[in-house]
Amino acid sequence: MFRSIRRKDPVDGPFYKQRGWINSAGFLGFLLVMALIALVSGTTTDTSTKESEVAAGSRDMLSGLSGPLSPGDPQEVRSGPEGRPANCSPDDRDASLPTTTPKDLRWQKLVAIMVPTSPTAGPLQTGSSVWWCFAHTPTGAVLAAHVIPVQLSGITWRSAAEQQVVPGKPRDRFVTAKADAEATDLEKSPIGRFVGFSLASYSAESATVRLLLTNPSGGYLSTSVSVHWRDGDWKVAPYADGSLYSSVQQAKPGDFTAWGK
């Protein structure tokens, strides 16, 4: 079973000013976080107008995009089990909370980051602009929480946002801020590595996954990603301000299940 995670004292000062966070900016989307901070903290005399502009901007950014996980299923392709596209058939039988890494674990490079994947738990579809098709299991949720946010930092982020992020105001804020954020060359950026995970919560409808990663400046950092089951696959559910990740904290490997080789 998972060990309970003890709260750690955060790094002194705002997390976004810490060298370790900045050095892993490519991985965790530091520029996006900063854009979101500016977006949600800016003052305005008309909040409803501001929200309308953000929503309109998001719709414009995602207009014309569609795929097998698009809201409303415009392609009418979800004829498989659990409302999935017919070409998505992961193994949904293992409902147990993972205490070890999958036996068929495979590391694959995505947007300059090595991400954990599994031929049975997902993502099974990696040949298009988005990597998708995760098992409707705790392990599937864990893998989706690692893969989807990384994909949202790549050049196909608009397609990923349209298909793999839960629609709503948080997604609107994410899309608008992401479009305004300066691009980062991940190949040239010092980045952290995924080294562990833990499930903070899980149900058939939603999960919160804690991620453990190395800090390029030394030590370990942790953050959380929330995913919801929607339109036949796991999708990231951004926080209210549009952030994909929770605030970062220092962490110890002993509080997480370590990823294998």
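It should be noted that the structure appears before, not after, this text.
Not measured: the values here are computed from a predicted model. (Residues numbered from 1 in each chain as written. Predicted model: local features only at pLDDT ≥ 70, side-chain atom pairs only at ≥ 80, totals over all residues. Heavy atoms only, no water.)

Q: Residues and numbers for the environment of Tyr220, please.
A: Within the secondary structure, Tyr220 sits in strand β5 (residues 220-230). For the pair Tyr220 and Gln249, spaced 29 residues apart in the sequence, the C-alpha separation amounts to 8.5 Å. If sequence neighbours within four positions are ignored, Tyr220 has contacts with Val195, Leu212, Leu213, Thr214, Asn215, Gln249, Gln250, Ala251 and Pro253. (Helix = DSSP H or I, 4+ residues; strand = E, 2+ residues; numbered from the N terminus. Contact = heavy atoms within 4.5 Å.)

Q: Any chance you could break down the side chain of Thr214 for me, citing the residues and the numbers?
A: The residue Thr214 is located in strand β4 (residues 206-214) in this model. For Thr214, a relative accessible area of 13% gives the class buried. A polar side-chain atom of Thr214 sits 2.9 Å from the main-chain amide nitrogen of Arg193. When near neighbours in sequence (up to four residues on either side) are disregarded, Thr214 contacts Gly192, Arg193, Val195, Gly219 and Tyr220. (Buried < 20%, exposed > 50% of the residue type's maximum accessible area, 1.4 Å probe, protein only. Polar contact = N/O pair within 3.5 Å; in protein donor to acceptor, adjacent residues only side chain to side chain.)

Q: Tell me about the pattern of salt bridges, residues and numbers included.
A: For the coordinates displayed, the defined rule picks out 4 salt bridges. Of the charged contacts, one joins Arg84 and Asp92 as a salt bridge, the two residues approaching to 2.7 Å between their closest N and O atoms. A relative accessible area of 1% means that Arg84 is categorised as buried. Within the structure, one salt-bridge network assembled from shared partners comprises Arg230, Asp231 and Lys235. (Salt bridge = Lys/Arg side-chain N within 4 Å of Asp/Glu carboxyl O.)

Q: Which residues make up the packing of aromatic side chains, and what values do they have?
A: Evaluated as defined, the whole model comprises 5 aromatic pairs. A ring pair is formed by Trp157 and Phe174, whose centres lie 6.3 Å apart and whose planes are at 90 degrees; its orientation type is edge-to-face. You can see Trp157 sitting in helix α6 (residues 157-164) and its partner Phe174 sitting in helix α7 (residues 169-180), a full 17 residues away along the chain. Given a relative accessible area of 7%, Trp157 falls into the buried group. Relative to Trp234, the ring of Trp229 has its centre 5.3 Å away and its plane inclined at 80 degrees; by these criteria the two rings are edge-to-face. Grouping aromatic residues by their ring pairs yields a cluster made of Trp107, Phe197 and Trp259. (Phe/Tyr/Trp six-rings, centres within 6.5 Å; stacked < 30°, edge-to-face > 60°.)

Q: Describe in detail the pairing of β5, supporting the description with residues and values.
A: Within a regular strand, side chains alternate between the sheet's two faces. The buried count for β5 comes to 8 of 11 residues, which makes it a mostly enclosed element. Where β4 folds back onto β5 in an antiparallel hairpin, the turn is made up of 5 residues, including Gly218, whose phi is positive at roughly 120 degrees. Inspection of the sheet shows β5 paired to strand β7 (residues 249-250) by 2 bridges, in the antiparallel sense. In the strand pairing of β7, Ser222 is matched with Gln249. Bridge count between β5 and strand β6 (residues 233-236): 4 bridges; the pairing is antiparallel. Bridge pairing in β6 links Val227 to Val236. Joining the antiparallel neighbours β5 and β6 is a turn of 2 residues, in which Asp231 adopts a positive phi near 55 degrees. (Pairing = 2+ DSSP bridges.)

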